[in-house]
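Structure at a glance
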Amino acid sequence: MLVSPDFLFRIERDPRNSQAIRQVTGVELASRLSYFLWSSMPDEELLALGESGKLNRPAVVDAQIKRMLADPRSAALADNFAGQWLETRNLDSMKPAPEKFPEWTPELKEAMRTETAMFFDAILRENRPASEFLNARYTFLNETLANFYGLKDVKGPEFRRVELTTDQRGGVLGHASVLAVSSYPTRTSVVIRGKFILENILGTPPPPPPANVPPIDESTTGQSLSLRQQMEKHRSDAVCASCHAKMDPLGFALENYNAIGKWRTEDGKFPVDATGTLPDNSTFNGPAEMRAMLARKLPLFTRCVSEKMLTYALGRALDGKDRPVLAAIERNWKAKQYRFQ
């Protein structure tokens, strides 16, 4: 039984004519909904509606989605979808150099993961605007993470909502979890962070790098040259320049955060230069101004989130046939002021 494909996979039988388009059955739809929102099998109510055929009625499926989102089991969406989209599931494989980052502990890592999961869950359950992923003025902290962020008024191990009073943090790009998974073990990476924003925030991933790209000499980083100076030297190669011109400015805006997401004003012996200019000639200085700039590109962001979530919901890559569905989602979402549910 345990190796049966019917046990291991959610199988949807194709019609004999593989080119035919059909509506999924009620039971198939129940499974799609349940594994999408709960990461588990349908409960009795959802399965009964699927077996009776009632689940294919729009009013019924809408009511079930509202019921399922209100259920504690929908926390799986924060753990699994957010972990995939924001790459925070990679925290377990992170091994920052202990001699450079002695603050890194299992407790701090779990606090980082919890902050992002609770933040996503709050936006989902409260049906907040999607723009708050970029520029929210609140987050969820316990004493361990608050101290790491330099906030002294949060006491105890319990997580609670905290209003942010400075512009050092805000939205997911101010979360230490996201900043840590987009860094190297010994230093930050403007390339990885810039690529992260292009792929997961703007939905405009850069092409793969060319072969045989020489690595940066890390022994001089922060000593004889700042990381920014080294990257500018690297970009002098015309082959590298086209992609780095898109990635690097976004990554430089996050240089006020070190490789595990702690705020800093200096990189080694050099002051942090977090200024940048994008291809459309818009300029910014530091993470707060970049977050505000990204929030003005909300249609790009929401389309990116739609693509990521549809991929997660269907369990497959999207193709050209999915474009009309994405366009419909975008129109409907815009009409609802981009509220997240």
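Before any of the text, the structure's been laid out above.
Reading the values: rules and limits
Residues numbered from 1 in each chain as written. Predicted model: local features only at pLDDT ≥ 70, side-chain atom pairs only at ≥ 80, totals over all residues. Heavy atoms only, no water. Helix = DSSP H or I, 4+ residues; strand = E, 2+ residues; numbered from the N terminus. Buried < 20%, exposed > 50% of the residue type's maximum accessible area, 1.4 Å probe, protein only. Contact = heavy atoms within 4.5 Å. Areas by Shrake-Rupley, 256 points an atom, 1.4 Å probe, with all protein chains shown as cover. Expected span 1.5 Å × (residues − 1). Core = buried A, V, L, I, M, F, W, Y, C linked by side-chain atoms within 4.5 Å. Axes fitted to C-alpha atoms, helices over the stretch in contact; angles between N-to-C directions. Parallel < 35°, antiparallel > 145°, perpendicular 65-115°, else oblique. Left-handed = near helix turned anticlockwise from the far one by under 90°. Nonpolar A, V, L, I, M, F, W, Y, C, P; charged D, E, K, R; others polar. Phe/Tyr/Trp six-rings, centres within 6.5 Å; stacked < 30°, edge-to-face > 60°. Salt bridge = Lys/Arg side-chain N within 4 Å of Asp/Glu carboxyl O.

Remarks on the overall build of the protein
Within the protein, the regular secondary structure consists of 15 helices and six strands. The buried share of the protein, taken over its 341 residues, is 46%. Pairs at least 24 residues apart make up 63% of the contacts formed inside the protein by residues separated by at least 6 positions. Accessible area for the protein stands at about 17900 Å²; split by element, carbon and sulfur atoms hold 55% of it.

Overview of helix 2 (residues 26-37)
An α-helical segment advances 3.6 residues per turn. Residues three or four places apart therefore align on the same side. Given a rise of 1.5 Å per residue, twelve residues ought to cover 16 Å, and the 16 Å separating the end C-alpha atoms of helix 2 matches this to within 8%. With nine of twelve residues buried, helix 2 lies mostly within the body of the structure. Looking at helix 2, one finds that the buried residues are Gly26, Glu28, Leu29, Ala30, Ser31, Leu33, Ser34, Phe36 and Leu37. The inward-facing, buried residues of helix 2 contact helix 3 (44-52), helix 4 (58-70), helix 5 (75-85) and helix 14 (298-314).

Quick notes on the nonpolar core
Grouped together as the largest cluster of nonpolar side chains are 60 residues, with contacts concentrated most on Phe120, Phe133, Ile197, Met290, Leu294, Phe301 and Phe340. If we ignore the near neighbours within four places in the chain, the residues touching Phe133 are Trp85, Phe119, Phe120, Ile123, Gly171, Val172, Phe301 and Phe340. One finds Met94, Trp104, Leu141 and Ala180 within the second-largest nonpolar core, a separate group that totals 19 residues.

Observations regarding the packing of helix 5 against helix 14
Across the interface, helix 5 lies against helix 14 with an axial gap of 10 Å and an inter-helix angle of 115°. Looking at the two axes, helix 5 sits roughly perpendicular to helix 14. Once helix 5 is placed against helix 14, the crossing between them reads as right-handed. Contacts between helix 5 and helix 14 involve Ala76, Leu77, Asn80, Phe81, Gln84 and Trp85 on the former and, on the latter, Phe301, Val305, Lys308, Met309 and Tyr312. When grouped by side-chain class, the residues that make up the contact of helix 5 with helix 14 number eight nonpolar, two polar and one charged.

Quick word on the packing of aromatic side chains
This structure, assessed with the given rule, holds 17 aromatic pairs. Taking 5.6 Å as the distance between ring centres and 45° as the angle between the ring planes, the aromatic pair formed by Phe119 and Tyr138 counts as tilted. On the criterion of sequence distance, the pair formed by Phe119 in helix 6 (residues 106-125) and Tyr138 in strand 1 (residues 138-141) is long-range, its members being 19 residues apart. An identical accessibility class is assigned to Phe119 and Tyr138; each is buried.

Concerning the pattern of salt bridges
One pass over the full model with this rule turns up 22 salt bridges. Here Arg125 makes a salt bridge to Asp121, at a shortest N to O gap of 2.8 Å. Here Arg125 pairs with Asp121, and both are found in helix 6, just four residues apart, close to one helical turn. When its relative accessible area of 31% is taken as the criterion, Arg125 is described as partly exposed.

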